[in-house]
4 protein chains.
Amino acid sequence: MKRVAVFTSGGDAPGMNACIRAVVRGGLHYGLEMFGIIRGYNGMIKGDIIPLNSQSVSNIVQRGGTILKSARSKEFMTPEGRKKGYDQLKAHGIDGLIAIGGNGTFTGAEIFFNEFQIPTVGAPGTIDNDLYGTDYTIGFDTAVNTALDAIDKIRDTADSHDRIFFIEVMGRDSGYIAMQSGISGGAESILIPEERQTVEDVVSVLKAGFDRKKSSSIVIVAEGDEEGHAAEVAEKIKATIDVPVDIRVTNLGHIQRGGSPTAYDRILSSRLGLGALEGLLNGQKNVMAGIVNDELIYTPFHDTITKKKLINSDLLRMASILR
Amino acid sequence: MKRVAVFTSGGDAPGMNACIRAVVRGGLHYGLEMFGIIRGYNGMIKGDIIPLNSQSVSNIVQRGGTILKSARSKEFMTPEGRKKGYDQLKAHGIDGLIAIGGNGTFTGAEIFFNEFQIPTVGAPGTIDNDLYGTDYTIGFDTAVNTALDAIDKIRDTADSHDRIFFIEVMGRDSGYIAMQSGISGGAESILIPEERQTVEDVVSVLKAGFDRKKSSSIVIVAEGDEEGHAAEVAEKIKATIDVPVDIRVTNLGHIQRGGSPTAYDRILSSRLGLGALEGLLNGQKNVMAGIVNDELIYTPFHDTITKKKLINSDLLRMASILR
Amino acid sequence: MKRVAVFTSGGDAPGMNACIRAVVRGGLHYGLEMFGIIRGYNGMIKGDIIPLNSQSVSNIVQRGGTILKSARSKEFMTPEGRKKGYDQLKAHGIDGLIAIGGNGTFTGAEIFFNEFQIPTVGAPGTIDNDLYGTDYTIGFDTAVNTALDAIDKIRDTADSHDRIFFIEVMGRDSGYIAMQSGISGGAESILIPEERQTVEDVVSVLKAGFDRKKSSSIVIVAEGDEEGHAAEVAEKIKATIDVPVDIRVTNLGHIQRGGSPTAYDRILSSRLGLGALEGLLNGQKNVMAGIVNDELIYTPFHDTITKKKLINSDLLRMASILR
Amino acid sequence: MKRVAVFTSGGDAPGMNACIRAVVRGGLHYGLEMFGIIRGYNGMIKGDIIPLNSQSVSNIVQRGGTILKSARSKEFMTPEGRKKGYDQLKAHGIDGLIAIGGNGTFTGAEIFFNEFQIPTVGAPGTIDNDLYGTDYTIGFDTAVNTALDAIDKIRDTADSHDRIFFIEVMGRDSGYIAMQSGISGGAESILIPEERQTVEDVVSVLKAGFDRKKSSSIVIVAEGDEEGHAAEVAEKIKATIDVPVDIRVTNLGHIQRGGSPTAYDRILSSRLGLGALEGLLNGQKNVMAGIVNDELIYTPFHDTITKKKLINSDLLRMASILR
């Protein structure tokens, strides 16, 4: 292997730049020529491929977003699109790929390998932490701390006005951000897709709080919760609860994707980037690099896509004791 | 004057605690007995009035929210409610009030004085900076920096994905937060209630950006803008613009009210609190303490309520040059 | 067991309050009466012991420092001191202790148990992460992020002025803070007590940077490095290096101990607090609760004191590739 | 005037990039060709001069440091050095300069104009806020907030351990950072060069605090205070005070120069940059743009260099009441 290209795909996540830096500097360390593909599979199809040296990735370890930009590509889902991508890679002499992204990205990479035999190793880049094969994903720790900072701020207002706040955080299929930001933010209740919690359950927790003279409460709702979005949950609660309360709803939204990555995310991203590159060099393909119990492992794309990562139920038990 | 009570009323704002501290320590310095009323006029009516000493306000200068809690009071809008409030103040021997709040608060204070001759001096506590008689209000600088921090984060994502983001910030009748967070965040367009900007204006700015190869843009919308909320504005733009763009909307919401106050807000709040207290001691009443051109001044409640604070149009001119 | 007291001892660490909250709410959940001892062993000797209920620990999960205060106690190192402490515990009916602190704290607890049979379970509270028996200690993640934030700021100046900065971080016997803040901050060189790195090594790294046109560099020095403090190391380098460079030194100092804990630290502290409490209830004594590979374990005080925690040498290898 | 160059000189300050952006986009708006000089007067002498367009200053409004780099130049203090600089400017066709820096920078610019008639307008770039002719300088608000954040963190530790902390902040000839960070941080005592405060004064304040049961105290020392650096002051206090206290010293150091600028600094920097550019276009020379009472004014370099900016003594009076 002589020329390796790295790209980011899917939603951006803080730490992607640290990961790119590790891939590039790692590759240069091992004597490879390194390239970057702009805007993921779209850029591959268009041949938007640039050489990267050590200075190209200077001073980016601390930056949010991705210097290689990201996009979702419909064209790459078609055989014609993938053929164009392959032709561009050939034209640039690329013989290996590092894909930083999530399941959609890895699905594409696997099909692409089956068709054209260019191997890809993935790094898990998504704030949702919903990928099987790694304890944590790139951007998750930063997203949780961003959500937590917002929860801390909102509690100031909740306390000052004796209010119940429903705060929606990201996580379409996964309650990880909700759970970790909720526990660390001292939330009274946390609604996540992984656990069935009814409106009645929430009401009984809130009432128990009133009985203990809690004057304000925070309920965290993961965007993918089956009881609906925070606004819907709040409406249901308002209709059910029989004490007068002042209820507000806020959706933290896109701030959760941005910002300078935390120390944890920068180190994780660096390890995953270097690990993916070294895996590729050692003949790995169709696998995602992950860190499990502080050890680097490689998990087949097939497993990261089909297997479900479980939430630590001990944390949920703890949350109910500490509130 | 021997016994003075301080209270916070209306929406909470970062710096209210620093202001309370200044009122209390200032009062003790001048030999007064100091009291705090919990939950604004509601607490006055219920007699929820507590003595405050120097230690009561220790270690609060850095805290968001208000240790005295805040509320809006319907009962105080009735003569019966105000009579109850007066009786409670008499029972506690209170002969002067410091009200930290906005126009609703000051309107109540003026009527109350006319009926019962207990003088009030106000301090401008609102993040919106919409009060005539002071260059800045308590909490405004913190709210702007909170909004700016969010804009910086969102720009990471906007840049990574070539998106246009519509970000709604607080300010029902005032574009101050929008203008200052928008200029400092490098927004391409800023929509505020004080200035008529049509959807066509925004579209032409966005198009000019495309022509200059800007791949992402930020539009800041004050919640009180006459073109509607950010989501509505975004819909209108989407329907008007004739190039394919990826548009997202986010509402920053309640995070703008909370958080530890900035240095500016702590100093401003301290000056306003001490200034209000010293004004009351010097015979002022029915006035709000303010800082204009770095000088302490007192403005009649009547003026703070009826006069409109103008936005610095030179800043708007600058914004259009710098984008 | 009916009455349990919790205390903090040794240097304070962000997350101690979250840990206290978990101990107290956990104890109440299991039907215990809970107490707090003020200022560690000193408070035990003086009988500075207060009852704690659920509200006592409200709104502290986000606060740095420790509401129970901390101190080092010389008197508790004497048999007379410990006897006084025992008498006070007896007087309050305390039959179990939770000690949040480091090795000094645990050494005292073990001797105390041998003399008076009051069992203690410990929680690892120190920013240095130098305790055997847990992957991370309370406050470590926050301290690393605080140091990282400072490094990011200093890099702005280093870049603008083409300077080499020597930055000293905490860690008397441990290079954990140096290593993690250094890697995440993109430092060119990291000096830690665990690894012998000579002045010549550092000079050769810096020179290699110059050759690659790096105009600024950051060197992180753990306070316990055997080459000396940052100022000494900088002097040695200045005397050795034969190119003209502008060298500056800064010691991050006590800011590393304070601040609101990160999400990670709040969750870790909560798990350790609840885990210590549940261990005590289940008959554990003379052990420290720790989290290893995401599992709660208990390690005898004897081991936490005598065994040396190793630094992950893979991270050091990575640092040398990525710089 | 057709071609204008901008440069940064002296110590870097957060907001310099926002100022550069305003100068460049302002110049382009008025039809000028814009250039940047790298490393201040040194770059001018070497001809390190690059063209700047609108995209050159994209995405820098939020960055600390200066993309044009900064340096102090000994060679420019000589007639030969300045002649070289002039020749380079001529070679590039530069007929006007914008200098972002402090008094050293402006002194050079004035001499340069007298010799070669190339006009310069200055913008006040220094965190110290020690320039006559503007209420605030670029970077001051950010530096104060950085110092404040550190003070807040240190107070966590001071409170937890009942300690007195001496914290040294920047400001060689000016107590502005000390005063504003000290007041907003709730410091018990603030030592600044502008006001004679003896060790005895500090001791009496600290003792009064003990009498009111304050268990911890913060003393802020400006680096230029005549009682010496924080470590010396602490030693003198330790030798004078007759109660047992635990005293610690920390010097905040270079973190005060870096970081993303606050909203205030970004707006101020933008106004000063655009104002300097518009002044130059309107025939101003040998003047510094400043904002006084929210109005743009121009002050002759001579005055900014020779006149002393006074500290607001009302703030000092307030500090002594509120502590």
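Rules used throughout
Residues numbered from 1 in each chain as written. Chains lettered and ligands numbered in written order. Predicted model: local features only at pLDDT ≥ 70, side-chain atom pairs only at ≥ 80, totals over all residues. Heavy atoms only, no water. Helix = DSSP H or I, 4+ residues; strand = E, 2+ residues; numbered from the N terminus. Rg over C-alpha atoms; globule rule 2.2 N^0.38 Å. Buried < 20%, exposed > 50% of the residue type's maximum accessible area, 1.4 Å probe, protein only. Contact = heavy atoms within 4.5 Å. Areas by Shrake-Rupley, 256 points an atom, 1.4 Å probe, with all protein chains shown as cover. Lys, Arg positive; Asp, Glu negative; His and termini not counted. Charge placed at Lys NZ, Arg CZ, Asp CG, Glu CD. Axes fitted to C-alpha atoms, helices over the stretch in contact; angles between N-to-C directions. Parallel < 35°, antiparallel > 145°, perpendicular 65-115°, else oblique. Left-handed = near helix turned anticlockwise from the far one by under 90°. Nonpolar A, V, L, I, M, F, W, Y, C, P; charged D, E, K, R; others polar. Pairing = 2+ DSSP bridges. Buried area = accessible area lost by both parts, 1.4 Å probe. Salt bridge = Lys/Arg side-chain N within 4 Å of Asp/Glu carboxyl O. Polar contact = N/O pair within 3.5 Å; in protein donor to acceptor, adjacent residues only side chain to side chain. Domains from an automatic or database assignment. Expected span 1.5 Å × (residues − 1). Arc of directions from axis to C-beta. UniProt positions renumbered as here; feature names shortened; annotations may be inferred. Phe/Tyr/Trp six-rings, centres within 6.5 Å; stacked < 30°, edge-to-face > 60°. Lys NZ or Arg CZ within 6 Å of the ring centre and 35° of its normal. Least-squares fit on C-alpha atoms with pLDDT ≥ 70 in both.

Visitor: Outline the overall build of chain A, supporting the account with residue identities and numerical values.
Guide: Helix and strand content of chain A: 11 helices and 11 strands. Computed over the C-alpha atoms, the radius of gyration of chain A is 22 Å, within 12% of the 20 Å expected from 2.2 N^0.38 for a compact globule of 323 residues. Along the longest, intermediate and shortest principal axes, the C-alpha atoms of chain A span 70 × 35 × 30 Å. Residues counted as buried form 64% of the 323 residues belonging to chain A. Residue pairs in contact within chain A that sit at least 24 positions apart in sequence constitute 76% of those at least 6 positions apart. For chain A, the exposed area adds up to about 10900 Å²; of that, 49% sits on carbon and sulfur atoms. Within chain A, the 40 negative side-chain charges are centred at a point lying 5 Å from the centre of the 35 positive side-chain charges.

Visitor: Tell me about the packing of helix α1 (residues 16–29) of chain A against helix α9 (residues 263–281) of chain A, residues and numbers included.
Guide: Residue and element names in this part refer to chain A. It is at 7 Å that the axes of α1 and α9 come closest, and there the two elements cross at 40 degrees. Relative to α9, the element α1 lies oblique. α9 is crossed by α1, and the crossing has right-handed handedness. Packed against α1, whose contacting residues are Ala18, Cys19, Ala22, Val23, Gly26 and Gly27, the element α9 presents Arg266, Ser269, Ser270, Gly273, Leu274 and Leu277 at the interface. Partitioning the contact of α1 with α9 into residue classes produces six nonpolar, five polar and one charged.

Visitor: Could you give me a rundown of the sheet that holds strand β3 (residues 49–52) of chain A, with the residues and numbers involved?
Guide: Residues and elements named next belong to chain A. Taken in spatial order, the seven strands of this open sheet run β3-β2-β1-β4-β5-β10-β11, and their pairing is mixed. Looking at the sheet topology across the chains shown, the edges are occupied by β3 and β11 (295–300). Across the sheet, the mean angle separating the axes of adjacent strands is 30 degrees when strand polarity is ignored. Here α9 sits on the sheet and contacts β1 (3–8), β2 (33–37), β4 (96–101), β5 (120–124), β10 (287–292) and β11; the angle it forms with β10, its principal contact strand, is near 135 degrees.

Visitor: Quick one: what's the story with the interface of chain A and chain C, residue by residue and with numbers?
Guide: Each partner contributes residues to the interface: chain A has 46 residues there, and chain C has 46 residues. With both chains or domains summed, chain A and chain C bury close to 3600 Å², and 55% of this area falls on carbon and sulfur atoms. Here chain A is connected to chain C by four salt bridges. Note that C:Glu278 and A:Arg317 form a salt bridge whose closest N and O atoms lie 3.1 Å from each other. In this assembly, chain A and chain C are joined by 16 residue pairs in polar contact (both at pLDDT 80 or more). Of all elements in the fold, only α1, α5 (140–161), α6 (176–184), α9 and α11 (313–322) of chain A reach the threshold of two or more residues within the side of chain A that touches chain C. Of the residues forming the side of chain A that touches chain C, the biggest block, eight residues, is contributed by α9(A).

Visitor: Break down the domain arrangement of chain A for me, with residues and values.
Guide: All names here are of chain A. Taken domain by domain, chain A consists of domain 1 (3–139 + 261–306) and domain 2 (142–257). Contacts between the two partners involve 13 residues from domain 1 and, on the opposite side, 13 residues from domain 2. Across the interface of domain 1 and domain 2, roughly 1000 Å² is buried in total on both sides, 49% from carbon and sulfur atoms. At the surface where domain 1 touches domain 2, the tally comes to zero salt bridges. Counting across the domain 1 and domain 2 interface gives six residue pairs in polar contact (both at pLDDT 80 or more). Of the residues that constitute the side of domain 1 that touches domain 2, the class distribution is five nonpolar, four polar and four charged.

Visitor: Describe helix α4 (residues 103–116) of chain A, naming the residues involved and giving the relevant values.
Guide: Residue and element names in this part refer to chain A. Its 14 residues give α4 an end-to-end C-alpha distance of 20 Å, which sits within 8% of 20 Å, the value for a rise of 1.5 Å per residue. Residues Thr105, Phe106, Gly108, Ala109, Phe112, Phe113 and Phe116 constitute the buried set of α4. Buried residues of α4 fall within an arc of 160 degrees about the axis and therefore sit on the same side. Every exposed residue of α4 that faces more than 90 degrees away from the buried side is listed here: Gly104 and Asn114. At the exit of α4 stands Gln117, carrying a positive phi of roughly 60 degrees.

Visitor: Help me get a handle on the UniProt feature "binding site: ATP" (unreviewed entry) in chain A, residues and values and all.
Guide: All names here are of chain A. The UniProt record annotates "binding site: ATP" (unreviewed entry) at Gly11, Arg72, Ser73, Gly102, Asn103, Gly104 and Thr105. Their sequence span is 95 residues, while the largest C-alpha to C-alpha distance among them is just 13.5 Å; these annotated residues converge on one region. One can find Arg72 in the loop between β3 and α3 (79–92). In contact with Arg72, other than residues within four places in its own chain, are Gly10, Gly11 and Asn42. Tracing the sequence through the fold places Gly102 in the loop between β4 and α4. Its relative accessible area of 15% is what places Gly102 among the buried residues. Not counting residues up to four positions away in its chain, the partners in contact with Gly102 are Ser9, Gly125 and Leu131.

Visitor: So, the packing of aromatic side chains: which residues are in play, and what are the values?
Guide: Under the counting rule described, the total for this entry stands at 38 aromatic pairs over all chains. Between B:Tyr136 and B:Phe140, the ring centres sit 5.6 Å apart and the planes meet at 10 degrees, which makes this aromatic pair stacked. Between B:Tyr136 and B:Tyr264, the aromatic rings sit 5.9 Å apart at their centres with planes inclined by 90 degrees, giving edge-to-face as the arrangement. Taken together, the positions of B:Tyr136 in the loop between β5 (120–124) and α5 (140–161) and B:Tyr264 in helix α9 (residues 263–281) put the pair 128 residues apart, joining distant regions of the chain. Feature note: the residues A:Tyr136, A:Phe140, A:Tyr176, A:Tyr264, C:Tyr136, C:Phe140, C:Tyr176 and C:Tyr264 constitute an aromatic cluster, connected by ring pairs. Over the face of the ring belonging to C:Tyr176 we find C:Lys309, whose NZ or CZ atom lies 5.4 Å from the ring centre.

Visitor: Explain the relation of the copies chain A and chain C to me, and be specific about the residues and the numbers.
Guide: Each copy superposes on the other: chain A lies on chain C with an RMSD of 0.0 Å after a rotation of 180 degrees and an axial shift of 0.0 Å. As the rotation angle and translation indicate, the two copies are arranged about a two-fold axis. When each C-alpha of chain A is compared by its distance to the rotation axis, A:Asn293 comes out closest, at 2.5 Å. Interface overlap between copies is the fraction of interface residues in one copy that are interface residues in the other; for chain A against chain C it reaches 100%, indicating a shared surface.

Visitor: Describe the pattern of salt bridges, and please don't skip the residues or the numbers.
Guide: Summed over the entire model, instances satisfying the criterion amount to 68 salt bridges over all chains. Between B:Glu227 and B:Lys236 there is a salt bridge, and its shortest N-O distance comes to 2.9 Å. Given the relative accessible area of 35%, B:Lys236 is considered partly exposed. Residues joined in a network through salt bridges with shared partners are A:Arg39, A:Lys69 and B:Asp162.

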